[in-house]
Each structure stands twice: as C-alpha cells, then as structure tokens.
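Spelled out, the chains give:
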Amino acid sequence: MKTLRRCFLALTLALALSAGAAAVETSAFDFTDWNQVDYQSQVSILTSLGVVGGYADNSFRPDDPITRAEIAKIASFLREDTVPQYTTSSYTDTADAWAGDYIEYCAEQGILGGYNGQFRPKDYVTARELAKALLVVLGQDSSAYVGDNWAEAVDEDADALGIYNGYTLARDLYVTRQQACLLISNALQCPVQVEQQDGSMVYILDEMMEPVSLLQYRFKVIPVVGVVEANAQVDLRGGGSLDGNLLHIAGYTKDFEVSEQVANDMSLVGCNVTVYARFFEDYNRIYGVPQVVKDTGYSAGNLHASELPVVMKYGNLKFGNDTTYYINYERVNRAAIDLLEPQDVLSIFDYEGDNIIDLVLVTRTSAAESTPKDETTTAHR
C-alpha cells in the first residue's frame, strides 16, 4: 500500500456521483429534490467538501444507484487531490472509461479490484463493497478482505469503526447515492492510519495524542460544539445581527461562514449545536449544516406560556441566577417571565443537564403593555 500522503482540500475540485459528468458547484439546499434526501446532514457536508455533487439540472437524485466507477472517483479524492495519469490499463474494459485513472489508482492501492480481468465500471455497488473500499482508504490492510471470508472480515471491521452506523438494510444490497453518502460520512469520522518507511501502519495522532479522523487529516475539518448566539437575523449578545452569511458560536472569537439558508435559520438560535468547521487565518468556515445536540442537556421548543409551569414541574427544572431571558430576541429580566401572555411561545434550554435552565427565548406576536428589560448585554455562554 502506498503511503497516504498529507493532502489539502482543493475547493475548486468538485466530484460528482454522476457517470463522468462534471459536478455542479452548488449548495445542497439548492438541489431541486432536496426534500427527498433522507440523510441531509451527510449529503450537505460531502457536497460542501466537494466529495459529491449534483447534476446539471440541479438535482441530486438521492435514490439512484451508484456505480463502481463513481466510487473509484470518490475513494481517490478521499486520498488525494489528484491521481496520476496512467498510460496503461489493468482491465480490459476500462481503457476508454471516464474514470480510468481513478480506477487504476484504486486498483493499485487495493481499494477496489476487478473480476476476471474486468473492472465492470458501470456495475452498481453494494453496501459491503463500499465499506471495503472505505476501510482501505482509512489505511486498513486490503489483503484482509480477500478470499472466501472477505465479507465477514469487512463487516467485522466496518461494524467496529462505525461505518455502517445508521444503515439498517442488508449489506449485500446495492446502495443509493444518499446511502453511499451515509457510509462515506461515517468513514470520515474514523481514525486514519498511514504507512511508515518500514511498512508498518500507524495512527495519526493530534497534539493530545488522540487519533486523527480522516475528516481532519484529509480536509483539516474538525467537529465544534457550542451555542448559536447570533446569525444574520439576530444577535443575543447585544442586539442587531451579523453582517453576512455568518453564525457566531459561543466560545469562539471569529464568526463562522455558512450558507445563506443556515445563516437565516432562526430555529438554530440558542441551540447547542455540532458543526464541522475549518479554521483559517481570517475566518472560520462551517461545512454542511449544524446539528442540534440532543444527547446532553434538555431543550423544548414551541411551548405556550401556559405550558411552562407543567414542563418545569415534571422536568424538575428551575431558573438559576445565570439564566438569561429574551422576548423577541431582546434581553429582559426574570420578572418579564411572570408577565407572559397566553399566546407567547417559548423555547427553553438546559445545556449542562443540571436541571437549571440556561436560556429562555420568547416569541411574542402582540405588543405587551410593559416588559421589564434587562440592561445587561453580557453574552450568554
């Protein structure tokens, strides 16, 4: 296996899942069939990274099958910005194939192989075959996935790494484009190994001596968790809004560049989210869409004011000294919560899971007679 070289993201290189077609540089939100995509988080991050793309008609076609040639192109890009130009072909049916160089590269690296001298580039790919290719991309020994027991070996290693997470169908079934994105996205979260001069394989470690994921190693993108305090519409830190398609996440000095849709998504304000970001000298950039953290703390939205006492009682929740309150995104004090109107709608957040509410957001459609304001403008953390 050749050494997996350190690579940098080539933002100008977009890889389509279409047979030889150049990818259309577009936001995943712009796909005409976006509402048909079940794995929107996975498709959006792969689209923004340039790993996958749409078609010339602005569709993504999430339920179309994916071919071996297409997987060869994607797997190559997960390894390298560009692959060599090969002058010969290892297979009798790839000399004129649009993905010929990608196929040769994958064959050379043990990522994908052929059958009786043929590669069959137009054949569809099963979940297990894709998992095998991704395992080798991650630095696993391709020789472990040959012979009569190759399927069991692939499933064992892919299960251990989480490549199949979220995929519940039979692994010998052909995968659709969006199912492929699910498995590829899972693989990006896995630790990557590289070959040393003596032929041994070692995990890449970060400064904390923790294994580095393929996502970080290949694209320099890491997960970030924090509370969304500001976007293009509002700024909880002191009024106003951010100028441009930006999010501000608590704990970070620089704002994060996002798509227009994400920058204007009011449902994210106040939420504790996970984003995948790359840090540049002058700015930060988020790839994909933020995901609300659901496994820690407590949050409830679209509550009417009359429901708040019941939710707090049965959730064993209470206000604390550091709880912050907003009505229509304007900072108010605790007394304003006692004056809520029946039609007021609330969202409450307990980020730490300690049963103390950290943030209360109230949306009011009618003007109240008197709303006690809080002159404090300290940002909520």
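To keep things clear, this report deals only with the structure shown in the data block. Every value quoted in this text rests on a predicted model; they were computed, and no experiment measured them. Every residue gets a number counted from 1 within its own chain, in the order that chain's sequence is written. pLDDT decides what is reported in this predicted model: residues at 70 or higher carry local features, side-chain atom pairs at 80 or more are listed and counted, and totals for whole chains, interfaces and linings draw on all residues regardless. Side-chain metrics rest on all non-hydrogen atoms present in the structure, leaving aside hydrogens and water.

**Section: the overall build of the chain**
At step 1: Secondary structure counts use DSSP, requiring at least four H or I residues in a row for a helix and at least two E residues in a row for a strand, with both numbered from the N terminus. Within the chain, the secondary structure is distributed over nine helices and twelve strands.
At step 2: Classification of residues uses two cut-offs on accessible area relative to the type maximum, computed with a 1.4 Å probe and protein chains only: under 20% is buried, over 50% is exposed, and between them is partly exposed. Residue burial in the chain is summarised as follows: out of 381 residues, 49% are buried.
At step 3: What makes two residues a contact is simply this: any of their non-hydrogen atoms within 4.5 Å. For the chain, the proportion of contacts with a sequence separation of at least 24, taken over those separated by at least 6, is 65%.
At step 4: The protein chains shown are the only cover counted for residues, whose accessible areas, like all others here, come from Shrake-Rupley with a 1.4 Å probe. For the chain, the accessible surface area stands at approximately 18,300 Å², while carbon and sulfur atoms represent 47% of it.

**Focus: the sheet that holds strand β6 (residues 272-279)**
Strand pairing in a sheet is mediated by backbone hydrogen bonds. Such pairs are either parallel or antiparallel.
At step 1: Reading around the barrel, the five strands line up as β3-β4-β5-β7-β6 and close back on themselves, with mixed pairing between neighbours.
At step 2: Note: two strands are recorded as paired if DSSP finds a minimum of 2 bridges between them. Note: β6 against strand β7 (residues 284-292), six bridges, orientation antiparallel. Pairing of Val273 across the sheet is with Val292, part of β7.
At step 3: Strands in contact with helix α1 (residues 40-49) are β6 and β7; relative to β7, the strand with the most contacts, it is inclined by about 175 degrees. Here the axes come from fitting lines to C-alpha atoms, over the contacting stretch only for helices, and the angles between their N-to-C directions go from 0 to 180 degrees.

**Focus: the pattern of salt bridges**
At step 1: The term salt bridge refers to a side-chain nitrogen of Lys or Arg lying within 4 Å of a carboxyl oxygen of Asp or Glu. Enumeration according to the criterion identifies eleven salt bridges in this entry.
At step 2: For Asp57, the salt bridge is made with Arg61, and the minimal N-O distance between the two is 3.3 Å.
At step 3: For Asp57, a relative accessible area of 46% translates into the label partly exposed.
At step 4: Judged by relative accessible area, which is 31%, Arg61 ranks as partly exposed.
At step 5: The partner of Glu341 in a salt bridge is Arg364, and the shortest N-O contact between them spans 4.0 Å. Separated by 23 residues along the polypeptide, Glu341 in the loop between β10 (330-332) and β11 (345-350) and Arg364 in the segment after β12 (356-363) bring together distant segments of the chain.
At step 6: Given the relative accessible area of 9%, Arg364 is considered buried.
At step 7: Linked through salt bridges whose partners overlap, the residues forming this network are Arg128, Asp155, Asp159 and Arg171.

**Some thoughts on the nonpolar core**
At step 1: Judged by nonpolar contacts, the single largest core of 65 residues is most densely connected at Leu49, Val51, Leu78, Ile111, Ile163, Leu183 and Phe219.
At step 2: Elements with a minimum of two residues in this core: α1, α2 (68-79), α3 (100-109), α4 (127-137), α5 (150-161), α6 (177-188) and α7 (214-219).
At step 3: If one sorts the elements of this core by residue count, α4 sits on top with eight residues.
At step 4: Ignoring anything within four residues of it in the chain, the contact list for Ile111 reads Ala75, Arg79, Tyr105, Cys106, Lys132, Ala133, Val136 and Val137.
At step 5: Grouped together as the second largest cluster of nonpolar side chains are 25 residues, Ala263, Leu268, Val289 and Tyr326 included. Here the nonpolar core consists of buried residues drawn from Ala, Val, Leu, Ile, Met, Phe, Trp, Tyr and Cys, with membership extended through side-chain atoms lying within 4.5 Å.

**Details of the sheet that holds strand β8 (residues 298-304)**
At step 1: Strand order in this open sheet of five strands is β8-β11-β12-β9-β10, and the pairing throughout is mixed. Whereas interior strands pair on both sides, the edge strands pair on one side only; in this sheet they are β8 and β10. On average, each strand axis in the sheet is tilted by 20 degrees relative to the strand beside it, whichever way the strands run.
At step 2: Where β11 and β12 come together, five bridges link them in antiparallel fashion. The partner of Val345 across the bridge, within β12, is Thr363.

**Focus: the environment of Tyr298**
At step 1: For Tyr298, the location among the structural elements is in strand β8.
At step 2: For Tyr298, a relative accessible area of 34% corresponds to the partly exposed category.
At step 3: Separated by 17 residues in sequence, Tyr298 and Gly315 place their C-alpha atoms 9.1 Å apart.
At step 4: Aside from chain neighbours lying at most four places away, what touches Tyr298 is Val311, Leu317, Ile348, Phe349 and Asp350.

**Digging into a nonpolar patch on the surface**
At step 1: On the surface, a cluster of nonpolar side chains totalling about 320 Å² of accessible area is made up of Tyr203, Leu205 and Met209.
At step 2: If you trace the backbone, Met209 turns up in the loop between β2 (201-203) and α7.
At step 3: You can call Met209 exposed: its relative accessible area is 59%. Patch criteria: residues need more than 30% relative accessible area and no salt bridge. Like-charged residues are merged within 9 Å; nonpolar side chains of Val, Leu, Ile, Met, Phe, Trp and Tyr are merged within 5 Å.

**Let's talk about the pairing of β12**
At step 1: Of all the eight residues making up β12, six are buried; the element is thus mostly covered by neighbouring parts of the structure.
At step 2: Two strands pair when backbone bridges link them, and strand β9 (residues 318-327) and β12 are joined in this way by six bridges, in the parallel orientation. Each bridged residue has a counterpart across the sheet, and for Thr324 the counterpart in β12 is Leu359.
At step 3: Between the end of β11 and the start of β12, which pair antiparallel, lie five residues, with Gly353 showing a positive phi angle near 75 degrees.

**A look at the side chain of Thr126**
At step 1: Mapped onto the elements of the fold, Thr126 is located in the loop between α3 and α4.
At step 2: By relative accessible area, Thr126 is classed as buried at 10%.
At step 3: Apart from residues lying up to four places away in sequence, Thr126 is in contact with Arg171, Asp172, Leu173, Tyr174 and Val175.

**Thoughts on unusual backbone geometry**
What you tend to see is this: most non-glycine residues have negative phi, and most peptide bonds are trans.
At step 1: Even without being a glycine, Arg120 presents a positive backbone phi close to 55 degrees.
At step 2: According to the relative accessible area criterion, Arg120 is partly exposed, its value standing at 35%.
At step 3: Look at Lys220: it is not a glycine, yet its phi comes out positive at around 60 degrees.
At step 4: Tracing the backbone shows Lys220 in the loop between α7 and β3 (222-230).
At step 5: Looking at Lys220, the relative accessible area reads 33%, which means it is partly exposed.

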